[in-house]
Amino acid sequence: MSSRRASAPLHAALLLSALLAATPAAAQEVPPAGAPEPVPTAPAAHEADAPRAVDAPTDAPADAPADAPADAPADAPADAPAAMPVLEPGEVARIGTLAVLYDTDFDRYLATSYARLPEGDAALQQLLGEALISLDAAAAGLVATDADVDAALVVLDEQSRGAGGKGFAESIQAGVDDQQVRAAVAMLVLHEGLVRAAEGLPPETVITPQQMADWLEKRVAAAHWEASPLDDPMAATFEGGQLTKVAVGERLRSLLTQEALSGVLTEMIGVLLVRARANQLDVDLTTAAATREILDRDAALRDQAGAGDVTYQQFVEQVQKRSLQELLTSDRFSTEVLVRLLSEHAVSDDKAREFWEQNKEGFRQASKDKLGPDADWEAARPFVWRELRQRVYRSLFEQVRIARRF
């Protein structure tokens, strides 16, 4: 059972922005944000390290040739689709003829990515509170009539204007329709009714946000809810019901920025592209490769300034809120290891060293003085291979036309 305090009720526009999913943008073709980061950053108190697609590497040599070394994958196959796919309703992406990603696919992946992180916890707590309110209201025979919702909308409008802001209707975000507004306000009406019933108050009594927060905190504690494993389609179970990851992901869309959503979608597309290329080349994810990746990340983390004696396992547990075993079985980690294997399949170590020899100054500048004038190949190797992995990853996006919602 969780002992975390439930969030205080939200009012006016904040209520709607928290309860309602934003309307998706029109389909667009967007270049990849970059490969999943192969090297961890040191844990920082102000960072949640939410899953994201990493920007193009900053340590790419400024004067590096435009193309990857000679034995890297070709830029585009001859049979690349000529026209961009068209999205149908309920789709978030079409990856050439390879795959279609639906809203439910994305929402499940999004909820898994943000599970145990602040945004994921916020979405889960909101849905849990709403589920409990709905259950208790049904058991008590409470309903929010159209007249109740109309009256609540008047009060919310007066509160909004009284605080010096715009009217309630004017403060609602674009893309939220009247039906969604009324559903959110109906939930607020039911919550207030449950508080009155619990405290034996008459119907006309004004309920304060603190009273509502106190009621919800006790109700959540009594529900004995449990978060589900990361690989479970459920996000949580509680006495009387359960919450799906699809529902949590849908709610997360209203809490995250468009940039964050785009980054997660890019990561999800990257998983499919990398797996497809690995299957095509018979490149398998092995225990040895995964172990090597973890050891390299641990060494890289220890070498970073300010990391101290923090191990990579501690970083994963404290910042990413995962166990090491959960990381090892995640789509993101397996994709990052496969990108490493694909880059090593495409480029020999001799070719990588040749790339370094031809672009030493560019790598030194991009490394921000981490590579000094006397740096040798062994010191430069991690920087060079990071750049090559980024190139291999980006090339996969360049070989296929991708239509995406955001």
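Residues numbered from 1 in each chain as written. Predicted model: local features only at pLDDT ≥ 70, side-chain atom pairs only at ≥ 80, totals over all residues. Heavy atoms only, no water.

Asks: So what about the overall build of the chain? Which residues, and what values?
Replies: The number of helices and strands found in the chain is 16 helices and 6 strands. Considering only residue pairs separated by 6 or more positions, the chain has 76% of its internal contacts joining residues 24 or more positions apart. For the chain, the accessible surface area stands at approximately 19,800 Å², while carbon and sulfur atoms represent 54% of it. (Helix = DSSP H or I, 4+ residues; strand = E, 2+ residues; numbered from the N terminus. Contact = heavy atoms within 4.5 Å. Areas by Shrake-Rupley, 256 points an atom, 1.4 Å probe, with all protein chains shown as cover.)

Asks: Just give me the short version of the pairing of strand β1 (residues 91–95), but keep the residues and values in it.
Replies: Judged by how many residues are buried, β1 sits mostly within the fold: 4 of 5 residues are covered. Pairing of β1 with strand β2 (residues 99–102) involves 4 bridges; the strand directions are antiparallel. Paired with R94 across the two strands is V100, which belongs to β2. The hairpin formed by β1 and β2 contains 3 residues between the paired strands, and G96 there has a positive phi angle of roughly 50°. When β1 meets strand β6 (residues 402–404), the two strands line up antiparallel, connected through 3 bridges. Across the sheet, the residue bridging to A93 is R404, located in β6. (Buried < 20%, exposed > 50% of the residue type's maximum accessible area, 1.4 Å probe, protein only. Pairing = 2+ DSSP bridges.)

Asks: Account for the nonpolar core, naming residues and giving values.
Replies: F106 and I269 are the most contacted members of the largest nonpolar core, which has 79 residues in total. Beyond its immediate chain neighbours, meaning those up to four positions away, F106 contacts V92, R253, L261, V264, L265, M268 and F406. By size, the runner-up hydrophobic cluster in this structure holds 14 residues, among which are V347, W356, A375 and L388. (Core = buried A, V, L, I, M, F, W, Y, C linked by side-chain atoms within 4.5 Å.)

Asks: Report on the sheet that holds strand β4 (residues 234–238), specifying residues and quantitative values.
Replies: Spatially, the 3 strands line up as an open sheet ordered β3-β4-β5, and their pairing is antiparallel. Strands at the two margins of the open sheet, each flanked by one partner only, are β3 (226–227) and β5 (241–244). Of the pairings in the sheet, the one linking β3 to β4 comprises 2 bridges and is antiparallel in character. Within the sheet, the bridge partner assigned to E226 lies in β4 and is T237. The strands touched by helix α3 (residues 118–140) are β4 and β5; relative to β4, the strand with the most contacts, the crossing angle is about 40°. Sheet contacts for helix α8 (residues 245–255): β4 and β5; angle to β5, the most-contacted strand, approximately 55°. (Axes fitted to C-alpha atoms, helices over the stretch in contact; angles between N-to-C directions.)

Asks: Go over the confidence of the model for the chain, please, and point to the residues and values.
Replies: Of all residues in the chain, 78% have pLDDT values of 70 or greater, and the mean over the chain is 81. Below a pLDDT of 50 lies the segment residues 1–81, which in the model reaches 206 contacts outside its immediate sequence neighbourhood of four places, other chains included. (pLDDT = per-residue confidence, 0-100.)

Asks: Give me the sheet that holds β1: which residues, what numbers.
Replies: Pairing between the strands of a sheet is mediated by backbone hydrogen bonds and can be parallel or antiparallel. Ordered by their spatial adjacency, 3 strands build an open sheet running β2-β1-β6, and the pairing between neighbours is antiparallel. Two strands in the sheet have a free side with no partner beyond their single neighbour: β2 and β6. Each adjacent strand pair in this sheet contributes to an overall mean axis angle of 10°, direction not counted.

Asks: How would you sum up helix α7 (residues 209–222)? Please name residues and give values.
Replies: The end-to-end C-alpha distance of α7, which contains 14 residues, comes to 20 Å, matching closely the 20 Å that a straight helix rising 1.5 Å per residue would cover. Here α7 has its buried residues at Q211, M212, A213, W215, L216, R219 and V220. The elements touched by buried residues of α7 are α3 and α6 (178–199). Directly after α7, the chain includes H224, whose backbone phi takes a positive value near 50°. (Expected span 1.5 Å × (residues − 1).)

Asks: Give a detailed account of the environment of Q211, specifying residues and quantitative values.
Replies: In this fold, Q211 is placed in helix α7. Residues Q211 and E199, spaced 12 residues apart in sequence, show a C-alpha to C-alpha distance of 9.6 Å. Setting aside anything within four residues of it in sequence, one finds Q211 in contact with V195, E199, L201 and V206. Only 3.0 Å separates the side chain of Q211 from the side chain of E199, close enough to count as a polar contact. At 2.8 Å, the side chain of Q211 and the backbone nitrogen of T208 are in polar contact. (Polar contact = N/O pair within 3.5 Å; in protein donor to acceptor, adjacent residues only side chain to side chain.)

Asks: Residues and numbers for the pairing of β4, please.
Replies: Here β4 lies mainly inside the structure; 4 of its 5 residues are buried. Bridging between β4 and β5 involves 4 bridges; their strand directions are antiparallel. Looking at the pairing, A236 lines up with L243 of β5. Linking two consecutive strands that pair antiparallel, namely β4 and β5, is a turn of 2 residues; a positive phi of about 110° is found at G240 within it.

Asks: Could you give an account of the side chain of E293, with specific residues and numbers?
Replies: By the element assignment, E293 lies in helix α10 (residues 287–303). Judged by relative accessible area, which is 2%, E293 ranks as buried. Within the structure, the side chain of E293 is placed 2.8 Å from the side chain of R340, a separation counted as a polar contact.

Asks: Describe the packing of aromatic side chains, and please don't skip the residues or the numbers.
Replies: Within the structure shown, the criterion is met by 5 aromatic pairs. Look at F355 and F363: their rings are 5.7 Å apart centre to centre, the planes differ by 90°, and that puts the pair in the edge-to-face class. As far as the burial class goes, F355 and F363 line up, both buried. On the numbers, 5.2 Å between centres and 55° between planes, the contact of Y393 with F397 is tilted. Highlighted residues: Y393 and F397, both in helix α16 (residues 377–398), separated by 4 residues, approximately one helical turn. Overall, Y393 belongs to the buried group, its relative accessible area being 1%. Judged by its relative accessible area of 6%, F397 is buried. Following the ring pairs from residue to residue traces out a cluster consisting of F355, W356 and F363. (Phe/Tyr/Trp six-rings, centres within 6.5 Å; stacked < 30°, edge-to-face > 60°.)

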